Amino acid sequence: MRIGGKELLDSGRTYIWGILNVTPDSFSDGGRYDRLDAALRQVERMLAEGMDVLDIGGESTRPGHEQISIEEEIGRVAPVIEAVKDRFDVPVSLDTYKYEVARAGAQAGADLINDIWGLKYDEGQMAAFLAKSGLPCCLMHNRREAEYENFLLDMHADLEETLRIAEAAGIRKERIILDPGVGFAKSAQQNLEVLANLDVFRDLGCPLLLGASRKSVIGLALSLPVTERLEGTLVTTVFAVLAGYSHVRVHDVKENVRAARMAEAIAKYRRI
(Lines give C-alpha, C1' and ligand atoms only; values in the text may rest on other atoms or scores of the structure.)
Protein backbone atom coordinates (compact mmCIF):
# COMPACT_ATOMS: atom_id res chain seq x y z
CA MET A 1 0.00 0.00 0.00
CA ARG A 2 1.32 3.43 -0.95
CA ILE A 3 0.75 6.11 1.70
CA GLY A 4 2.01 9.48 0.60
CA GLY A 5 5.39 8.89 -0.99
CA LYS A 6 6.09 5.66 0.87
CA GLU A 7 5.37 2.09 -0.20
CA LEU A 8 4.36 0.06 2.86
CA LEU A 9 4.30 -3.72 2.58
CA ASP A 10 1.19 -5.57 3.74
CA SER A 11 3.12 -8.46 5.30
CA GLY A 12 6.49 -9.25 6.82
CA ARG A 13 6.83 -5.98 8.70
CA THR A 14 4.82 -4.03 11.25
CA TYR A 15 4.87 -0.27 10.72
CA ILE A 16 4.79 2.04 13.71
CA TRP A 17 2.38 4.97 13.66
CA GLY A 18 3.21 7.82 16.02
CA ILE A 19 0.26 9.57 17.66
CA LEU A 20 0.18 13.38 17.63
CA ASN A 21 -2.88 14.74 19.43
CA VAL A 22 -3.20 18.48 18.82
CA THR A 23 -5.95 18.66 21.41
CA PRO A 24 -6.28 20.08 24.93
CA ASP A 25 -8.17 17.06 26.29
CA SER A 26 -6.90 13.73 24.90
CA PHE A 27 -6.79 11.03 27.56
CA SER A 28 -3.02 10.54 27.49
CA ASP A 29 -1.29 13.68 26.25
CA GLY A 30 -3.95 16.39 26.01
CA GLY A 31 -2.49 19.89 25.87
CA ARG A 32 1.12 18.82 25.29
CA TYR A 33 1.21 19.35 21.53
CA ASP A 34 -1.55 21.84 20.79
CA ARG A 35 1.02 24.55 19.96
CA LEU A 36 2.66 24.28 16.54
CA ASP A 37 6.24 24.50 17.79
CA ALA A 38 5.67 21.74 20.36
CA ALA A 39 3.92 19.59 17.76
CA LEU A 40 6.79 19.89 15.29
CA ARG A 41 9.39 19.07 17.95
CA GLN A 42 7.40 15.92 18.80
CA VAL A 43 7.24 14.90 15.13
CA GLU A 44 11.00 15.35 14.82
CA ARG A 45 11.52 13.26 17.96
CA MET A 46 9.25 10.44 16.79
CA LEU A 47 10.92 10.33 13.37
CA ALA A 48 14.32 10.01 15.05
CA GLU A 49 12.90 7.11 17.08
CA GLY A 50 11.78 5.22 13.98
CA MET A 51 8.19 6.32 13.29
CA ASP A 52 6.83 5.18 9.91
CA VAL A 53 3.50 7.07 9.77
CA LEU A 54 2.32 10.15 11.68
CA ASP A 55 -1.29 10.09 12.88
CA ILE A 56 -2.65 13.57 13.68
CA GLY A 57 -5.86 14.02 15.66
CA GLY A 58 -7.69 17.25 16.40
CA GLU A 59 -10.58 15.96 18.53
CA SER A 60 -10.31 13.69 21.55
CA THR A 61 -12.17 10.39 21.18
CA ARG A 62 -11.75 9.31 24.80
CA PRO A 63 -14.92 8.09 26.58
CA GLY A 64 -17.10 11.06 27.44
CA HIS A 65 -15.24 13.44 25.15
CA GLU A 66 -16.88 16.67 24.03
CA GLN A 67 -17.45 16.92 20.30
CA ILE A 68 -16.03 20.10 18.77
CA SER A 69 -17.19 21.95 15.68
CA ILE A 70 -15.95 21.13 12.20
CA GLU A 71 -14.38 24.58 11.95
CA GLU A 72 -12.48 24.19 15.22
CA GLU A 73 -11.19 20.76 14.28
CA ILE A 74 -9.99 22.00 10.89
CA GLY A 75 -8.35 24.95 12.61
CA ARG A 76 -6.42 22.57 14.84
CA VAL A 77 -5.23 20.03 12.28
CA ALA A 78 -4.81 21.82 8.95
CA PRO A 79 -1.92 24.12 9.99
CA VAL A 80 -0.10 21.21 11.61
CA ILE A 81 -0.51 18.99 8.54
CA GLU A 82 0.78 21.77 6.30
CA ALA A 83 3.78 22.46 8.55
CA VAL A 84 4.66 18.77 8.88
CA LYS A 85 4.47 18.16 5.11
CA ASP A 86 6.60 21.25 4.52
CA ARG A 87 9.34 20.15 6.95
CA PHE A 88 9.37 16.35 7.06
CA ASP A 89 9.25 13.39 4.70
CA VAL A 90 6.66 11.26 6.48
CA PRO A 91 3.23 9.90 5.51
CA VAL A 92 0.53 11.75 7.42
CA SER A 93 -2.70 10.14 8.61
CA LEU A 94 -5.56 12.36 9.74
CA ASP A 95 -7.68 10.91 12.53
CA THR A 96 -11.21 12.16 11.86
CA TYR A 97 -14.69 10.79 11.21
CA LYS A 98 -16.04 14.04 9.69
CA TYR A 99 -15.83 14.22 5.93
CA GLU A 100 -15.52 18.01 5.94
CA VAL A 101 -12.43 17.74 8.14
CA ALA A 102 -11.08 14.92 5.97
CA ARG A 103 -11.51 17.08 2.87
CA ALA A 104 -9.74 20.06 4.46
CA GLY A 105 -7.01 17.78 5.78
CA ALA A 106 -6.44 16.30 2.34
CA GLN A 107 -6.15 19.81 0.90
CA ALA A 108 -3.55 20.55 3.58
CA GLY A 109 -1.56 17.45 2.57
CA ALA A 110 -2.91 14.47 4.57
CA ASP A 111 -2.08 11.17 2.90
CA LEU A 112 -4.59 8.88 4.66
CA ILE A 113 -7.84 9.23 6.61
CA ASN A 114 -8.24 7.29 9.86
CA ASP A 115 -11.99 6.98 10.51
CA ILE A 116 -12.95 5.65 13.96
CA TRP A 117 -16.52 5.06 12.78
CA GLY A 118 -15.66 2.83 9.83
CA LEU A 119 -17.76 4.89 7.36
CA LYS A 120 -20.84 4.63 9.64
CA TYR A 121 -20.91 8.06 11.27
CA ASP A 122 -22.69 9.89 8.45
CA GLU A 123 -25.01 9.04 5.56
CA GLY A 124 -22.23 8.09 3.16
CA GLN A 125 -20.43 11.41 2.78
CA MET A 126 -17.12 10.14 4.16
CA ALA A 127 -17.27 7.06 1.93
CA ALA A 128 -18.03 9.22 -1.10
CA PHE A 129 -15.15 11.58 -0.29
CA LEU A 130 -12.68 8.73 0.12
CA ALA A 131 -13.80 7.13 -3.15
CA LYS A 132 -13.48 10.40 -5.05
CA SER A 133 -10.14 11.39 -3.50
CA GLY A 134 -8.54 7.97 -3.87
CA LEU A 135 -6.88 8.40 -0.48
CA PRO A 136 -6.11 5.26 1.51
CA CYS A 137 -8.04 4.89 4.73
CA CYS A 138 -8.03 3.09 8.04
CA LEU A 139 -11.54 2.00 9.00
CA MET A 140 -12.17 1.07 12.62
CA HIS A 141 -14.75 -1.12 14.30
CA ASN A 142 -17.19 0.88 16.41
CA ARG A 143 -20.82 0.76 17.53
CA ARG A 144 -23.22 3.25 19.06
CA GLU A 145 -24.44 0.59 21.49
CA ALA A 146 -22.11 -2.02 22.98
CA GLU A 147 -24.62 -4.85 22.71
CA TYR A 148 -23.53 -8.15 21.16
CA GLU A 149 -25.00 -11.64 20.81
CA ASN A 150 -21.73 -13.36 19.87
CA PHE A 151 -19.01 -10.82 20.44
CA LEU A 152 -16.22 -11.74 18.01
CA LEU A 153 -18.61 -12.95 15.32
CA ASP A 154 -20.60 -9.73 15.61
CA MET A 155 -17.41 -7.68 15.38
CA HIS A 156 -16.37 -9.59 12.28
CA ALA A 157 -19.80 -8.98 10.74
CA ASP A 158 -19.59 -5.27 11.55
CA LEU A 159 -16.26 -4.99 9.75
CA GLU A 160 -17.70 -6.90 6.79
CA GLU A 161 -20.47 -4.31 6.69
CA THR A 162 -17.87 -1.53 6.63
CA LEU A 163 -16.23 -3.22 3.66
CA ARG A 164 -19.58 -3.46 1.87
CA ILE A 165 -20.16 0.26 2.41
CA ALA A 166 -16.70 0.96 1.03
CA GLU A 167 -17.25 -1.24 -2.02
CA ALA A 168 -20.64 0.33 -2.76
CA ALA A 169 -19.07 3.79 -2.62
CA GLY A 170 -16.25 2.80 -4.96
CA ILE A 171 -13.38 2.66 -2.46
CA ARG A 172 -10.80 0.17 -3.71
CA LYS A 173 -10.16 -2.60 -1.20
CA GLU A 174 -6.41 -2.36 -1.67
CA ARG A 175 -6.62 1.16 -0.19
CA ILE A 176 -8.22 -0.03 3.08
CA ILE A 177 -6.67 -0.84 6.46
CA LEU A 178 -8.96 -2.28 9.15
CA ASP A 179 -8.74 -1.65 12.90
CA PRO A 180 -10.61 -3.83 15.47
CA GLY A 181 -11.18 -0.77 17.63
CA VAL A 182 -9.81 -1.67 21.05
CA GLY A 183 -11.43 0.66 23.58
CA PHE A 184 -14.48 1.55 21.50
CA ALA A 185 -17.94 0.12 22.28
CA LYS A 186 -16.37 -2.75 24.22
CA SER A 187 -16.11 -3.71 27.88
CA ALA A 188 -12.75 -4.31 29.53
CA GLN A 189 -13.23 -8.06 29.17
CA GLN A 190 -14.21 -7.71 25.51
CA ASN A 191 -11.10 -5.62 24.84
CA LEU A 192 -8.98 -8.41 26.28
CA GLU A 193 -10.86 -10.90 24.12
CA VAL A 194 -10.03 -8.85 21.03
CA LEU A 195 -6.35 -8.70 22.00
CA ALA A 196 -6.30 -12.47 22.58
CA ASN A 197 -7.88 -13.16 19.17
CA LEU A 198 -6.39 -10.56 16.84
CA ASP A 199 -5.93 -13.09 14.07
CA VAL A 200 -9.67 -13.70 13.59
CA PHE A 201 -9.85 -10.61 11.37
CA ARG A 202 -7.10 -11.73 8.99
CA ASP A 203 -9.61 -13.37 6.63
CA LEU A 204 -11.19 -10.00 5.84
CA GLY A 205 -8.41 -9.53 3.31
CA CYS A 206 -7.09 -6.13 4.39
CA PRO A 207 -3.97 -5.01 6.26
CA LEU A 208 -4.74 -4.63 9.97
CA LEU A 209 -3.87 -1.95 12.50
CA LEU A 210 -3.89 -2.21 16.28
CA GLY A 211 -4.42 0.89 18.40
CA ALA A 212 -4.18 -0.13 22.06
CA SER A 213 -1.50 2.27 23.27
CA ARG A 214 -1.98 3.34 26.92
CA LYS A 215 -5.70 2.51 26.78
CA SER A 216 -7.91 1.71 29.74
CA VAL A 217 -7.81 -2.05 29.08
CA ILE A 218 -4.13 -1.90 30.04
CA GLY A 219 -4.77 0.31 33.03
CA LEU A 220 -7.52 -1.97 34.32
CA ALA A 221 -5.53 -5.17 33.77
CA LEU A 222 -2.48 -3.79 35.59
CA SER A 223 -4.16 -1.29 37.95
CA LEU A 224 -1.98 1.48 36.56
CA PRO A 225 -2.58 5.13 35.58
CA VAL A 226 -2.18 6.27 31.99
CA THR A 227 1.37 7.48 32.63
CA GLU A 228 2.53 3.96 33.57
CA ARG A 229 1.15 1.82 30.75
CA LEU A 230 4.21 1.52 28.52
CA GLU A 231 5.05 -2.10 29.36
CA GLY A 232 1.44 -3.16 28.89
CA THR A 233 1.38 -1.39 25.53
CA LEU A 234 4.53 -3.22 24.43
CA VAL A 235 2.84 -6.55 25.11
CA THR A 236 -0.07 -5.59 22.84
CA THR A 237 2.39 -4.58 20.12
CA VAL A 238 4.11 -7.98 20.30
CA PHE A 239 0.73 -9.72 20.07
CA ALA A 240 -0.08 -7.61 16.99
CA VAL A 241 3.19 -8.54 15.30
CA LEU A 242 2.68 -12.23 15.99
CA ALA A 243 -0.89 -11.98 14.63
CA GLY A 244 0.41 -10.54 11.37
CA TYR A 245 -0.71 -6.94 11.82
CA SER A 246 0.91 -4.52 9.41
CA HIS A 247 0.41 -1.42 11.56
CA VAL A 248 0.48 -0.42 15.23
CA ARG A 249 -0.53 3.03 16.44
CA VAL A 250 1.35 4.17 19.57
CA HIS A 251 2.39 7.07 21.77
CA ASP A 252 5.88 5.77 22.66
CA VAL A 253 7.61 5.22 19.33
CA LYS A 254 11.14 4.17 20.29
CA GLU A 255 10.12 1.42 22.69
CA ASN A 256 7.43 0.04 20.39
CA VAL A 257 9.77 0.01 17.39
CA ARG A 258 12.23 -2.08 19.38
CA ALA A 259 9.52 -4.43 20.63
CA ALA A 260 8.15 -4.89 17.09
CA ARG A 261 11.56 -5.56 15.55
CA MET A 262 12.37 -8.14 18.24
CA ALA A 263 9.02 -9.86 17.80
CA GLU A 264 9.59 -9.97 14.04
CA ALA A 265 13.06 -11.47 14.51
CA ILE A 266 11.64 -14.24 16.70
CA ALA A 267 8.59 -14.81 14.49
CA LYS A 268 10.81 -15.73 11.51
CA TYR A 269 11.68 -18.97 13.28
CA ARG A 270 8.18 -20.08 14.25
CA ARG A 271 7.29 -23.54 12.99
CA ILE A 272 3.53 -23.31 13.48
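Preceding this section is the structure that the text describes.
The text that follows walks through the structure, step by step, so that each part is easy to find. (Residues numbered from 1 in each chain as written. Predicted model: local features only at pLDDT ≥ 70, side-chain atom pairs only at ≥ 80, totals over all residues. Heavy atoms only, no water.)

A look at the pairing of strand β10 (residues 247-250)
Residues His-247 and Arg-249 point to one face of β10 and Val-248 and Val-250 to the other, with burial holding for every one of them. Looking at chain direction, strand β3 (residues 15-21) and β10 are connected through four bridges and run parallel. Looking at β10, one finds that Gly-18 is bridged to Val-250. As judged from the two bridges shared by strand β9 (residues 209-210) and β10, these two strands associate in the parallel manner. Its bridge partner lying in β10, Leu-209 is registered against His-247. (Buried < 20%, exposed > 50% of the residue type's maximum accessible area, 1.4 Å probe, protein only. Helix = DSSP H or I, 4+ residues; strand = E, 2+ residues; numbered from the N terminus. Pairing = 2+ DSSP bridges.)

A short note on the environment of Lys-98
Within the secondary structure, Lys-98 sits in the loop between β5 (92-95) and α3 (99-108). Residues Lys-98 and Ile-74, 24 residues apart in the sequence, show an inter-C-alpha distance of 10 Å. Those residues in contact with Lys-98, other than ones at most four positions away along the chain, are Glu-59, Gln-67, Ile-68, Ser-69, Ile-70, Glu-73 and Met-126. Polar side-chain contacts of Lys-98 include one of 2.9 Å to the side chain of Glu-73. (Contact = heavy atoms within 4.5 Å. Polar contact = N/O pair within 3.5 Å; in protein donor to acceptor, adjacent residues only side chain to side chain.)

Details of the packing of helix α5 (residues 151-169) against helix α6 (residues 188-196)
Closest axis-to-axis distance for the α5/α6 pair is 11 Å, and the angle between their directions is 70°. Taken as axis vectors, α5 and α6 run roughly perpendicular relative to one another. Residues Phe-151, Leu-152 and Met-155 of α5 form the contact with α6, whose participating residues are Gln-190, Glu-193 and Val-194. Counted by class, the contact of α5 with α6 contains four nonpolar, one polar and one charged residues. (Axes fitted to C-alpha atoms, helices over the stretch in contact; angles between N-to-C directions. Parallel < 35°, antiparallel > 145°, perpendicular 65-115°, else oblique. Nonpolar A, V, L, I, M, F, W, Y, C, P; charged D, E, K, R; others polar.)

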